[in-house]
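# Reading the structure
The residues making up each chain are set out below.
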Amino acid sequence: MKDQLFAPEAVRIVDHMPSKALCLEFMCQLLVDSGSLEIVDHFLDAVKSREEVMSTGIGKGVAIPHARDISVKELRTALCLIRNGIEFESLDRKPVKLVFLTAVPNDANREYMSVLKGLSEYLRQDDKRLPMMEAKDEKELFEYARQIESQIHLANSD
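First things first, this report covers the structure right here in the doc. (Residues numbered from 1 in each chain as written. Predicted model: local features only at pLDDT ≥ 70, side-chain atom pairs only at ≥ 80, totals over all residues. Heavy atoms only, no water.)

## A closer look at the overall build of the protein
Rule in force here: To qualify as a helix, a DSSP run of H or I must reach at least 4 residues; to qualify as a strand, a run of E must reach at least 2; elements of each kind are numbered from the N terminus. Our radius of gyration is a C-alpha quantity, and the globule rule it is checked against amounts to 2.2 Å times the number of residues to the power 0.38. Note on exposure labels: buried denotes an accessible area under 20% of the residue type's maximum, exposed denotes more than 50%, and partly exposed covers the range between, all computed with a 1.4 Å probe on protein chains only. What makes two residues a contact is simply this: any of their non-hydrogen atoms within 4.5 Å. Calculation of accessible area relied on Shrake-Rupley with a 1.4 Å probe; when residues are assessed, cover is drawn exclusively from the protein chains displayed. Think of it this way: Lys and Arg go in the positive column, Asp and Glu in the negative one, and His and the chain ends go nowhere. For the purpose of locating charges, the reference atoms are NZ of Lys, CZ of Arg, CG of Asp and CD of Glu.
In terms of regular secondary structure, the protein is built from five helices and six strands. Helices and strands appear in the protein in the N-to-C order β-α-α-β-β-β-β-β-α-α-α. Against the compact-globule benchmark of 15 Å for 158 residues, the protein has a radius of gyration of 14 Å, which places it among compact chains. Principal axes of the C-alpha set define a box for the protein whose edges measure 35 × 35 × 25 Å. Counting over 158 residues, the protein shows a buried share of 49%. Restricting to contacts in the protein with at least 6 residues of sequence separation, those with at least 24 account for 75%. Summing over all exposed atoms, the protein offers an accessible surface of approximately 7900 Å²; the carbon and sulfur share of this is 50%. Within the protein, one finds 21 positive and 27 negative side-chain charges whose respective centroids are separated by 5 Å.

## Considerations on a nonpolar patch on the surface
For the record, the criterion: Patch membership requires over 30% relative accessible area and the absence of a salt bridge. Like charges are linked within 9 Å, and nonpolar side chains (Val, Leu, Ile, Met, Phe, Trp, Tyr) within 5 Å. One speaks of a salt bridge when a side-chain nitrogen belonging to Lys or Arg is within 4 Å of a carboxyl oxygen belonging to Asp or Glu.
Side chains of Val-53, Met-54, Ile-58 and Leu-91 sit close together on the surface and give an oily, nonpolar patch of about 420 Å² of accessible area. With a relative accessible area of 59%, Leu-91 lands in the exposed category.

## Quick notes on the nonpolar core
Applied cut-off: Think of a nonpolar core as a cluster: buried Ala, Val, Leu, Ile, Met, Phe, Trp, Tyr and Cys residues, connected wherever their side-chain atoms sit within 4.5 Å.
Phe-100 and Met-132 are the most contacted members of the largest nonpolar core, which has 28 residues in total. Secondary-structure elements contributing two or more residues to this core are β1 (11–14), β5 (76–86), β6 (96–104), α3 (109–123), α4 (126–133) and α5 (138–156). Counting residues in hydrophobic clusters, the runner-up holds 25 residues, among them Ala-10, Ala-67, Cys-80 and Phe-88.

## Structural notes on the side chain of Thr-56
Residue placement: Thr-56 occurs in the loop between α2 (40–53) and β2 (57–59). Among the residues examined, Thr-56 registers a relative accessible area of 4% and is labelled buried. Those residues in contact with Thr-56 that lie beyond four places of it in its chain are Arg-50, Glu-51, Val-62, Ala-63, Ile-64, Pro-65, His-66 and Phe-88.

In structure tokens:
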């Protein structure tokens, strides 16, 4: 991962999100705004197809939707904190507050697996996940995202 996994323009806090579908659309637009995605509809279709196979709501208030697609220019993860939570068909059937939408170029399979593994390992830890859910603003949430990115980079340097 030579570039940033997270970009400030792709990290947002909202109070409410009407649906999972609108959340994914909103987050795809964040990826466009960050310069990592060219064709929104193509990537969004890939994400929705992935969600149809199995929800990426991993439990504990977290979802990690992801897809590899030709429309992705660079590996990037958009992050959205939804204060009131959203139904995401999670494994534990609880609302999701943290959504990490990862866009992956077709040729980045090794990085793809590394990011998904790093995100899930980091977010499994209550002492790291819970403070993110209480971030006071987008700057603080972005700082948490940078901590995740640093941990992923460290794991990859071993």
